[in-house]
Amino acid sequence: MKPLAVVLGANSAIAQAIIAHLNRHYQVLAVSRHETMEVPEGVEHVQCDYSESALQSLAEKLQNREEPLTLLFCAVGVLHREGSMPEKKLAELNSEQLTHYFAINSIVPALILKYLIPVMPRSEPAKAIVLSAKIAGISDNRLGGWYGYRASKAALNMLVKTAAVELARSHRKLCLVAMHPGTTDTPLSKPFTRSLPEDKLFTPALTAERLWSVIDALRPEDTGRFVHWDGSDLPW
Ligand SMILES: NC(=O)c1ccc[n+]([C@@H]2O[C@H](COP(=O)([O-])OP(=O)(O)OC[C@H]3O[C@@H](n4cnc5c(N)ncnc54)[C@H](OP(=O)(O)O)[C@@H]3O)[C@@H](O)[C@H]2O)c1
(Lines give C-alpha, C1' and ligand atoms only; values in the text may rest on other atoms or scores of the structure.)
Protein backbone atom coordinates (compact mmCIF):
# COMPACT_ATOMS: atom_id res chain seq x y z
CA MET A 1 0.00 0.00 0.00
CA LYS A 2 1.35 3.42 -1.01
CA PRO A 3 1.39 6.16 1.62
CA LEU A 4 -0.93 9.13 1.17
CA ALA A 5 0.12 12.59 -0.09
CA VAL A 6 -2.31 15.49 0.26
CA VAL A 7 -1.82 18.48 -2.04
CA LEU A 8 -3.73 21.65 -1.16
CA GLY A 9 -4.19 24.45 -3.65
CA ALA A 10 -4.05 21.56 -6.11
CA ASN A 11 -5.29 23.67 -8.98
CA SER A 12 -2.09 25.72 -8.77
CA ALA A 13 0.11 25.27 -11.81
CA ILE A 14 3.04 24.27 -9.59
CA ALA A 15 0.90 21.85 -7.57
CA GLN A 16 -0.39 20.17 -10.72
CA ALA A 17 3.17 19.64 -11.91
CA ILE A 18 4.29 18.27 -8.53
CA ILE A 19 1.33 15.85 -8.48
CA ALA A 20 2.84 14.14 -11.54
CA HIS A 21 5.94 13.32 -9.43
CA LEU A 22 4.08 12.41 -6.25
CA ASN A 23 1.78 10.10 -8.19
CA ARG A 24 4.66 7.65 -8.68
CA HIS A 25 5.32 7.26 -4.97
CA TYR A 26 2.07 8.10 -3.18
CA GLN A 27 -1.68 7.75 -3.36
CA VAL A 28 -2.38 11.42 -4.09
CA LEU A 29 -5.37 13.40 -2.86
CA ALA A 30 -5.72 16.74 -4.64
CA VAL A 31 -7.56 19.35 -2.58
CA SER A 32 -8.91 22.44 -4.27
CA ARG A 33 -11.70 25.02 -3.98
CA HIS A 34 -13.11 23.82 -7.28
CA GLU A 35 -15.90 21.29 -7.35
CA THR A 36 -14.23 19.44 -10.18
CA MET A 37 -10.71 19.44 -11.57
CA GLU A 38 -8.80 17.32 -14.03
CA VAL A 39 -6.41 14.97 -12.28
CA PRO A 40 -4.08 12.27 -13.58
CA GLU A 41 -5.28 8.67 -13.43
CA GLY A 42 -5.33 7.30 -9.90
CA VAL A 43 -5.32 10.74 -8.23
CA GLU A 44 -8.33 11.54 -6.06
CA HIS A 45 -9.88 14.98 -5.84
CA VAL A 46 -11.75 16.57 -3.00
CA GLN A 47 -13.31 20.02 -2.82
CA CYS A 48 -12.51 22.27 0.14
CA ASP A 49 -12.93 26.02 0.67
CA TYR A 50 -10.13 26.09 3.30
CA SER A 51 -12.52 27.32 6.01
CA GLU A 52 -11.88 25.86 9.47
CA SER A 53 -15.00 23.70 9.27
CA ALA A 54 -14.04 22.35 5.83
CA LEU A 55 -10.47 21.61 6.98
CA GLN A 56 -11.80 19.87 10.08
CA SER A 57 -14.08 17.65 8.02
CA LEU A 58 -11.19 16.92 5.61
CA ALA A 59 -9.05 15.90 8.62
CA GLU A 60 -11.83 13.58 9.83
CA LYS A 61 -12.02 11.92 6.40
CA LEU A 62 -8.24 11.48 6.34
CA GLN A 63 -8.24 10.00 9.83
CA ASN A 64 -10.39 7.13 8.56
CA ARG A 65 -8.05 6.18 5.73
CA GLU A 66 -5.82 3.17 5.86
CA GLU A 67 -2.77 4.77 4.21
CA PRO A 68 -0.50 6.84 6.45
CA LEU A 69 -0.45 10.52 5.47
CA THR A 70 3.28 11.06 5.05
CA LEU A 71 3.35 14.04 2.72
CA LEU A 72 1.54 17.37 2.86
CA PHE A 73 2.10 19.96 0.12
CA CYS A 74 0.46 23.37 0.41
CA ALA A 75 0.54 25.56 -2.70
CA VAL A 76 -2.22 27.96 -1.62
CA GLY A 77 -1.21 31.55 -2.29
CA VAL A 78 -2.31 34.79 -3.91
CA LEU A 79 -0.38 37.69 -5.43
CA HIS A 80 -3.04 39.50 -7.44
CA ARG A 81 -6.70 39.20 -8.31
CA GLU A 82 -9.13 41.06 -10.50
CA GLY A 83 -9.01 44.75 -9.70
CA SER A 84 -6.14 44.50 -7.26
CA MET A 85 -2.44 44.31 -7.96
CA PRO A 86 0.49 44.22 -5.48
CA GLU A 87 1.02 47.60 -3.78
CA LYS A 88 4.10 49.54 -4.94
CA LYS A 89 3.77 52.37 -2.42
CA LEU A 90 2.51 52.96 1.13
CA ALA A 91 -0.19 55.19 -0.35
CA GLU A 92 -1.64 52.17 -2.19
CA LEU A 93 -2.21 50.10 0.98
CA ASN A 94 -5.77 49.36 1.98
CA SER A 95 -7.07 47.18 4.76
CA GLU A 96 -9.28 44.97 2.55
CA GLN A 97 -6.39 43.95 0.28
CA LEU A 98 -3.95 43.48 3.18
CA THR A 99 -6.52 41.35 5.00
CA HIS A 100 -6.97 39.23 1.87
CA TYR A 101 -3.21 38.64 1.56
CA PHE A 102 -2.92 37.57 5.19
CA ALA A 103 -6.07 35.43 5.00
CA ILE A 104 -4.90 33.42 2.00
CA ASN A 105 -1.10 33.47 2.30
CA SER A 106 -0.64 33.19 6.07
CA ILE A 107 -3.83 32.06 7.82
CA VAL A 108 -5.05 29.36 5.41
CA PRO A 109 -1.69 27.49 5.39
CA ALA A 110 -1.45 27.80 9.20
CA LEU A 111 -4.93 26.29 9.61
CA ILE A 112 -4.05 23.54 7.15
CA LEU A 113 -1.15 22.64 9.47
CA LYS A 114 -3.41 22.90 12.53
CA TYR A 115 -5.95 20.40 11.16
CA LEU A 116 -3.83 18.06 9.05
CA ILE A 117 -0.60 17.61 11.02
CA PRO A 118 -2.48 15.68 13.76
CA VAL A 119 -3.46 13.15 11.08
CA MET A 120 0.19 12.54 10.19
CA PRO A 121 2.04 9.65 11.82
CA ARG A 122 4.39 10.35 14.75
CA SER A 123 6.34 7.13 14.41
CA GLU A 124 7.42 7.26 10.77
CA PRO A 125 9.16 9.90 8.64
CA ALA A 126 6.77 12.45 7.15
CA LYS A 127 7.13 15.77 5.31
CA ALA A 128 5.04 18.93 5.24
CA ILE A 129 5.96 21.46 2.56
CA VAL A 130 4.49 24.96 2.46
CA LEU A 131 5.21 27.10 -0.59
CA SER A 132 6.44 30.52 0.47
CA ALA A 133 8.46 33.04 -1.56
CA LYS A 134 12.04 34.27 -1.46
CA ILE A 135 10.84 37.86 -1.27
CA ALA A 136 9.43 37.10 2.18
CA GLY A 137 13.04 37.31 3.42
CA ILE A 138 13.11 40.48 5.55
CA SER A 139 16.90 40.71 5.61
CA ASP A 140 16.96 40.37 1.83
CA ASN A 141 14.44 43.14 1.07
CA ARG A 142 16.30 45.72 -0.98
CA LEU A 143 13.79 46.46 -3.73
CA GLY A 144 10.69 47.21 -1.61
CA GLY A 145 7.18 47.08 -3.03
CA TRP A 146 4.60 44.25 -2.92
CA TYR A 147 3.87 45.12 0.71
CA GLY A 148 1.02 42.72 1.38
CA TYR A 149 2.50 39.73 -0.44
CA ARG A 150 5.92 40.14 1.20
CA ALA A 151 4.43 40.70 4.66
CA SER A 152 1.94 37.83 4.46
CA LYS A 153 4.59 35.38 3.24
CA ALA A 154 6.97 36.62 6.00
CA ALA A 155 4.15 35.93 8.48
CA LEU A 156 3.70 32.51 6.89
CA ASN A 157 7.41 31.81 7.40
CA MET A 158 7.14 32.69 11.09
CA LEU A 159 4.05 30.47 11.48
CA VAL A 160 5.86 27.56 9.79
CA LYS A 161 9.02 28.07 11.85
CA THR A 162 7.05 28.29 15.11
CA ALA A 163 5.08 25.15 14.26
CA ALA A 164 8.32 23.35 13.38
CA VAL A 165 9.74 24.18 16.82
CA GLU A 166 6.62 22.83 18.53
CA LEU A 167 6.34 19.74 16.32
CA ALA A 168 10.00 18.79 16.76
CA ARG A 169 8.87 17.68 20.22
CA SER A 170 5.61 15.88 19.35
CA HIS A 171 6.40 14.64 15.81
CA ARG A 172 10.12 13.86 15.96
CA LYS A 173 10.20 12.32 12.48
CA LEU A 174 8.31 15.13 10.76
CA CYS A 175 10.10 17.61 8.51
CA LEU A 176 8.14 20.86 8.10
CA VAL A 177 9.65 23.49 5.78
CA ALA A 178 8.78 26.65 3.87
CA MET A 179 10.00 26.46 0.27
CA HIS A 180 10.64 28.95 -2.51
CA PRO A 181 9.72 27.39 -5.86
CA GLY A 182 11.56 29.93 -8.05
CA THR A 183 9.88 32.33 -10.45
CA THR A 184 7.58 30.05 -12.39
CA ASP A 185 5.35 30.73 -15.37
CA THR A 186 1.90 30.48 -13.77
CA PRO A 187 -1.25 32.64 -13.58
CA LEU A 188 0.15 34.05 -10.30
CA SER A 189 3.34 35.42 -11.90
CA LYS A 190 1.95 36.13 -15.39
CA PRO A 191 1.44 39.93 -15.07
CA PHE A 192 5.00 40.46 -13.80
CA THR A 193 7.20 38.32 -16.00
CA ARG A 194 7.14 40.15 -19.33
CA SER A 195 10.54 41.80 -18.83
CA LEU A 196 12.19 38.74 -17.27
CA PRO A 197 14.95 37.04 -19.28
CA GLU A 198 13.89 33.54 -20.39
CA ASP A 199 16.44 31.83 -18.16
CA LYS A 200 14.93 33.49 -15.07
CA LEU A 201 11.41 32.15 -15.62
CA PHE A 202 10.89 28.42 -15.14
CA THR A 203 8.14 26.18 -16.47
CA PRO A 204 5.94 24.52 -13.81
CA ALA A 205 7.36 21.16 -14.97
CA LEU A 206 10.98 22.25 -14.34
CA THR A 207 10.03 23.82 -10.99
CA ALA A 208 8.26 20.62 -9.91
CA GLU A 209 11.23 18.48 -10.95
CA ARG A 210 13.58 20.64 -8.84
CA LEU A 211 11.21 20.85 -5.89
CA TRP A 212 10.68 17.10 -5.91
CA SER A 213 14.41 16.34 -5.85
CA VAL A 214 14.81 18.63 -2.80
CA ILE A 215 11.66 17.30 -1.07
CA ASP A 216 12.72 13.70 -1.66
CA ALA A 217 16.04 14.37 0.09
CA LEU A 218 14.55 16.18 3.13
CA ARG A 219 15.17 14.51 6.49
CA PRO A 220 13.58 15.13 9.91
CA GLU A 221 16.63 17.21 10.92
CA ASP A 222 15.82 19.67 8.09
CA THR A 223 12.62 20.74 9.87
CA GLY A 224 12.13 24.48 10.34
CA ARG A 225 14.18 25.49 7.29
CA PHE A 226 13.33 28.10 4.64
CA VAL A 227 14.50 26.22 1.56
CA HIS A 228 15.37 27.48 -1.91
CA TRP A 229 14.45 25.30 -4.92
CA ASP A 230 18.12 24.36 -5.23
CA GLY A 231 18.12 22.94 -1.69
CA SER A 232 20.10 25.77 -0.10
CA ASP A 233 18.92 27.85 2.90
CA LEU A 234 17.26 31.19 2.25
CA PRO A 235 17.67 34.15 4.62
CA TRP A 236 14.60 34.82 6.79
N1 LIG B 1 4.72 31.31 -9.55
C2 LIG B 1 5.76 31.85 -8.95
O3 LIG B 1 6.63 32.47 -9.60
C4 LIG B 1 5.92 31.75 -7.46
C5 LIG B 1 7.07 32.31 -6.88
C6 LIG B 1 7.23 32.23 -5.50
C7 LIG B 1 6.27 31.61 -4.73
N8 LIG B 1 5.15 31.08 -5.32
C9 LIG B 1 4.15 30.44 -4.45
O10 LIG B 1 3.86 29.13 -4.91
C11 LIG B 1 2.49 28.80 -4.61
C12 LIG B 1 1.79 28.29 -5.87
O13 LIG B 1 1.83 29.34 -6.82
P14 LIG B 1 1.41 29.20 -8.36
O15 LIG B 1 2.31 30.12 -9.09
O16 LIG B 1 1.28 27.78 -8.76
O17 LIG B 1 0.01 29.94 -8.29
P18 LIG B 1 -1.46 29.68 -8.84
O19 LIG B 1 -1.40 28.83 -10.07
O20 LIG B 1 -2.10 31.02 -8.90
O21 LIG B 1 -2.10 28.83 -7.63
C22 LIG B 1 -2.33 29.34 -6.36
C23 LIG B 1 -3.40 28.48 -5.69
O24 LIG B 1 -3.76 29.11 -4.45
C25 LIG B 1 -5.14 28.92 -4.20
N26 LIG B 1 -5.79 30.25 -4.10
C27 LIG B 1 -5.59 31.34 -4.84
N28 LIG B 1 -6.43 32.34 -4.48
C29 LIG B 1 -7.17 31.84 -3.48
C30 LIG B 1 -8.24 32.37 -2.69
N31 LIG B 1 -8.70 33.61 -2.88
N32 LIG B 1 -8.79 31.59 -1.77
C33 LIG B 1 -8.32 30.33 -1.56
N34 LIG B 1 -7.32 29.78 -2.29
C35 LIG B 1 -6.77 30.51 -3.22
C36 LIG B 1 -5.74 28.19 -5.40
O37 LIG B 1 -5.89 26.83 -5.07
P38 LIG B 1 -7.21 25.97 -5.54
O39 LIG B 1 -7.89 26.75 -6.60
O40 LIG B 1 -6.63 24.70 -6.03
O41 LIG B 1 -8.01 25.80 -4.31
C42 LIG B 1 -4.70 28.37 -6.49
O43 LIG B 1 -4.67 27.31 -7.37
C44 LIG B 1 1.86 30.07 -4.02
O45 LIG B 1 1.86 29.98 -2.62
C46 LIG B 1 2.82 31.18 -4.45
O47 LIG B 1 2.82 32.28 -3.57
C48 LIG B 1 4.95 31.13 -6.66
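Up top is the structure these notes are about.
Throughout what follows, the structure given in this document is the object of discussion.

Calculation notes
- Residues numbered from 1 in each chain as written.
- Predicted model: local features only at pLDDT ≥ 70, side-chain atom pairs only at ≥ 80, totals over all residues.
- Heavy atoms only, no water.
- Near = heavy atom within 4 Å.
- Polar contact = N/O pair within 3.5 Å; in protein donor to acceptor, adjacent residues only side chain to side chain.
- Helix = DSSP H or I, 4+ residues; strand = E, 2+ residues; numbered from the N terminus.
- Nonpolar A, V, L, I, M, F, W, Y, C, P; charged D, E, K, R; others polar.
- Salt bridge = Lys/Arg side-chain N within 4 Å of Asp/Glu carboxyl O.
- Buried < 20%, exposed > 50% of the residue type's maximum accessible area, 1.4 Å probe, protein only.
- Core = buried A, V, L, I, M, F, W, Y, C linked by side-chain atoms within 4.5 Å.
- Axes fitted to C-alpha atoms, helices over the stretch in contact; angles between N-to-C directions.
- Left-handed = near helix turned anticlockwise from the far one by under 90°.
- Contact = heavy atoms within 4.5 Å.
- 1 Å grid on protein atoms, 1.4 Å probe; cavity = no way out; pocket = protein on both sides within 12 Å on 5 of 7 lines; lining within 4 Å.
- Points joined across faces, edges and corners; volume = space filled by probe spheres on them.
- Phe/Tyr/Trp six-rings, centres within 6.5 Å; stacked < 30°, edge-to-face > 60°.
- Lys NZ or Arg CZ within 6 Å of the ring centre and 35° of its normal.

All right, on to the site of the ligand then. By nearness alone, 29 residues border the ligand, and Asn11, Ser12, Tyr50, Tyr149 and Thr186 come closest of all. Arginine 33 places a polar main-chain atom, nitrogen or oxygen, 2.8 Å from an oxygen atom of the ligand. Between the ligand and tyrosine 50, the relevant distance is 2.6 Å, taken from an oxygen atom to a side-chain nitrogen or oxygen of the residue. Those elements that place two or more of their residues in the shell around the ligand are α1 (13–25), α3 (95–116) and α4 (147–170). Across the shell around the ligand, the residue classes tally to 13 nonpolar, 14 polar and 2 charged.

A few words now on the pattern of salt bridges. For the structure on display, the rule yields 8 salt bridges. The salt bridge partner of lysine 114 is glutamate 52, with a shortest N-O separation of 3.2 Å. Of this pair, lysine 114 sits in helix α3 while glutamate 52 sits in helix α2 (residues 52–63), and the two are 62 residues apart along the sequence. With a relative accessible area of 35%, glutamate 52 lands in the partly exposed category. When the shortest N-O distance is used, the salt bridge between glutamate 96 and arginine 81 registers 2.9 Å.

A word on the nonpolar core. If you look at the biggest cluster of nonpolar residues, it comprises 39 residues, and the most contacted ones within it are Val6, Leu8, Leu72, Ile112 and Leu116. Sorting the residues of this core by element identifies β1 (4–8), β2 (27–32), α2, β4 (69–74), α3, β5 (126–131), α4 and β6 (174–179) as the ones contributing at least two each. Ranked by the residues each element gives to this core, the list is headed by α3, at 6 residues. Among the nonpolar cores identified, the runner-up in size contains 31 residues, and Ile19, Val43, Leu131 and Cys175 belong to it.

Attention now moves to the packing of α2 against α3. Angle between the axes and distance between the axes are the two parameters that describe a pair of packed helices. α3 packs onto α2 with a crossing angle of 35 degrees between their chain directions and a minimal axis gap of 9 Å. Crossing of α2 against α3: the hand is right-handed. On α3, the residues that touch Glu52, Leu55, Gln56, Leu58, Ala59 and Leu62 of α2 are Leu111, Ile112, Lys114, Tyr115 and Leu116.

What follows covers the environment of leucine 72. For leucine 72, the location among the structural elements is in strand β4. Each residue touching leucine 72, except ones within four places of it in the same chain, is listed here: Val6, Leu8, Ile112, Leu113, Leu116, Ile117, Met120, Lys127, Ala128 and Ile129.

In this section: empty space enclosed by the protein. With a probe scaled to a water molecule rolled over the atoms, the places where space remains empty come into view. Tallying each qualifying case throughout the model produces 1 cavity of 30 Å³ or more. Taken as a whole, the largest cavity holds about 30 Å³ of empty space. Here the lining of the largest cavity is built from residues that sort into 3 nonpolar, 4 polar and 1 charged.

Moving on: the packing of aromatic side chains. What the rule picks out here adds up to 5 aromatic pairs. Pairing tryptophan 146 with tyrosine 149 gives two aromatic rings, centres 6.2 Å apart and planes at 85 degrees, and the pair type is edge-to-face. Residue tryptophan 146 is classed as partly exposed on the basis of its relative accessible area of 26%. Feature note: the residues Trp146, Tyr149 and Phe192 constitute an aromatic cluster, connected by ring pairs. Here arginine 210 stacks its cationic end above the ring of phenylalanine 202, 4.2 Å away from the centre of that ring. It is arginine 210 that lies over the ring of tryptophan 229; its NZ or CZ is 3.9 Å from the centre.

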